[in-house]
Amino acid sequence: MLDSRRKFIKQSAIAAAGTYLGTMGISAKSYGNIIGANDRVRVGVVGFSDRFKDSLLPSFLNHQKELNFDIVAVSDLWNYRRGLGVETLKSKFGHDITGCRNNDELYGLKDIDAVIVSTADFQHATHAAEAVNNKCDVYCEKPFAETMEDARMALKAVKASKQIVQIGSQRRSGNNYHAANKFIKDGKFGDITMVELSWNVNQPGRWRRPDLVAKLKQEDTDWKRFLINRPFEAWDPRKYLEYRLFWPYSSGMPGQWMSHQIDTVHWFTDLKHPRSVVANGGIYQWRDGRRNWDTTTAVFDYGKPNDPNNGFQVVFTSRMHNGDERPAEIYYSNGGELNLNTNTVSPVGGLNAKAASAMKMQPNLLPELKLTETVEQVAASANTGGDKLTSAHMRNWMECIRSRKQTNAPVEAGYYHSIATIMTNAAARTGQKATFDEATQEVMVGGKPFKY
């Protein structure tokens with residue numbers, strides 16, 4: 001989307017060059033695309049959140065001058081954050097920023113080419129769909145969706161558009177993760193037999209915003225618009241700002257943390273979702289009125305559909321009352337392990353020669369090797385600054401807006417991680433095994449689709 005002045009310049013240039021292009025065998029449309037590559041991409045911010053301010057913005061700033069991107073507007077329902085966004089962005093970019101009370105006002109500006117969505121978890125799918133329906137490219141934070149209804153709606157909108165979408169699963173832009181993906185898909189690792197995922201922290205205030213909660217007044221925001229399609233509840237500033245603690249505004253651990261790690265399972269194996277999930281846990285430490293667990297264990301069965309002779313187990317564990325802030329991802333095969341914390345493949349636990357001989361099998365020990373020279377560590381905090389993974393992921397999105405190529409984390413990645421997180425949430429909230437119905441694209445528990 002370009003403003004009238006940019007359109008005039010481009011159209012004039014195309015017209016002037018028309019005859020020459022014909023002799024060179026290049027169409028005017030192709031030349032228009034070349035000229036377009038020099039236009040500044042004008043970006044709007046949907047939600048001036050801490051995640052945007054402290055991580056996505058620094059990552060954007062790392063590349064915006066080189067790639068000729070600019071931020072021109074910010075939409076936030078709360079007047080305090082909207083004003084803070086205008087002030088912060090004006091200081092960073094050196095020009096006026098348009099503050100919008102809602103996304104209708106943002107897209108009404110008519111000169112926004114792309115948006116960065118960093119709103120509440122349950123709003124991501126709706127805001128991504130709004131963006132592509134307004135012909136804007138999108139960087140959409142994860143989780144992509146917290147219900148299958150929202151996931152299907154947003155997937156359909158994106159697939160019907162020509163917009164570039166990057167889901168905020170930044171591991172997909174990490175060199176060590178790409179090396180692991182190649183190592184597994186090249187058949188060097190052997191069949192995956194199990195994956196252990198963990199994400200442990202010890203922060204009493206994790207996802208709490210008491211100072212902001214005290215500042216927020218209902219008359220300063222739009223509670224009805226905030227709720228979108230969720231069942232109406234009376235005004236509660238905690239649910240507005242501390243939404244990660246409260247279903248149905250967030251699933252908590254599955255949507256916030258597991259979505260990152262389970263996405264690598266899908267990526268490395270080309271599987272779209274688990275065959276089944278069971279979960280257990282509870283609120284064992286932080287009894288502060290939250291609805292979402294502070295301790296979770298989920299167990300997944302992965303493999304080809306309807307093939308009991310094929311598959312592996314994934315276990316995700318998470319706690320908020322004891323942890324070292326180092327999310328762990330370890331893949332196991334009969335020959336050893338692939339550890340994405342240490343960035344190594346090793347024969348640890350693998351079938352050695354003596355054991356293999358006794359079993360009349362061939363030894364299957366993996367070699368000791370580094371996946372890449374450097375380890376791109378994943379931080380447990382959401383506010384990581386312009387860390388390498390997020391910065392690389394933001395750059396990939398920006399480059400794909402220029403090239404119109406598929407991003408590292410396309411919309412399907414978000415749709416598939418959403419199936420897994422919704423299955424986990426369904427199992428946690430019902431105490432039953434969750435499965436997935438391919439025909440209806442519904443998460444099922446107790447023979448019924450999981451809703452709220």
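Source: prediction; values computed, not measured. (Residues numbered from 1 in each chain as written. Predicted model: local features only at pLDDT ≥ 70, side-chain atom pairs only at ≥ 80, totals over all residues. Heavy atoms only, no water.)

1. Details of the pairing of strand 1 (residues 41-46)
Across the 6 residues that make up strand 1, a large majority, 5, are buried. Two elements, strand 1 and strand 2 (residues 69-75), share 6 bridges in a ladder whose sense is parallel. Each residue of the ladder has a partner; that of Arg42, found in strand 2, is Asp70. Relative to strand 4 (residues 114-117), strand 1 runs parallel, the two being bridged by 4 bridges. By the bridge assignment for strand 4, Val46 is matched with Val117. (Buried < 20%, exposed > 50% of the residue type's maximum accessible area, 1.4 Å probe, protein only. Helix = DSSP H or I, 4+ residues; strand = E, 2+ residues; numbered from the N terminus. Pairing = 2+ DSSP bridges.)

2. Section: the environment of Met398
Structurally, the position occupied by Met398 is in helix 15 (residues 388-403). Spatially, the C-alpha atom of Met398 lies 7.4 Å from that of Leu67, the residues being 331 residues apart in sequence. Setting aside residues up to four positions removed in sequence, Met398 forms contacts with Phe60, His63, Gln64, Leu67 and Phe69. (Contact = heavy atoms within 4.5 Å.)

3. Section: unusual backbone geometry
Cis geometry is found at the peptide bond from Lys142 to Pro143, where omega equals -5 degrees. Locating Pro143 in the fold gives a position in the loop between strand 5 (137-140) and helix 8 (148-159). In this model, Trp247 is joined to Pro248 through a cis peptide bond whose omega is 15 degrees. Inspection of the secondary structure puts Pro248 in the loop between helix 12 (237-241) and helix 13 (253-269). Despite not being glycine, Lys110 shows a phi value in the positive range, around 70 degrees. Residue position: Lys110 is located in the loop between helix 6 (103-108) and strand 4. We classify Lys110 as exposed; its relative accessible area is 59%. Of note, Arg404 is a non-glycine position whose phi angle comes to about 65 degrees, a positive value. Of note, Arg404 is situated in the loop between helix 15 and helix 16 (411-430). Its relative accessible area of 41% is what places Arg404 among the partly exposed residues.

4. Describing the confidence of the model for the protein
Of the residues in the protein, 85% reach a pLDDT of 70 or more, and the chain-wide mean stands at 89. Contacts from residues 1-35, a stretch scored under 50 in pLDDT, to residues over four places away or in other chains number 29 contacts. (pLDDT = per-residue confidence, 0-100.)

5. Concerning helix 15
The end-to-end C-alpha separation of helix 15 is 22 Å, in line with the 22 Å expected for 16 residues at 1.5 Å each. When we look at burial in helix 15, the residues that qualify are Leu389, Thr390, Ser391, His393, Met394, Asn396, Trp397, Met398, Cys400 and Ile401. Put simply, Asp387 is the residue that caps the front of helix 15, since its side-chain oxygen is 3.3 Å from the backbone nitrogen of Leu389. One or two steps after helix 15, the chain reaches Arg404, where phi turns positive at roughly 65 degrees. (Expected span 1.5 Å × (residues − 1). Polar contact = N/O pair within 3.5 Å; in protein donor to acceptor, adjacent residues only side chain to side chain.)

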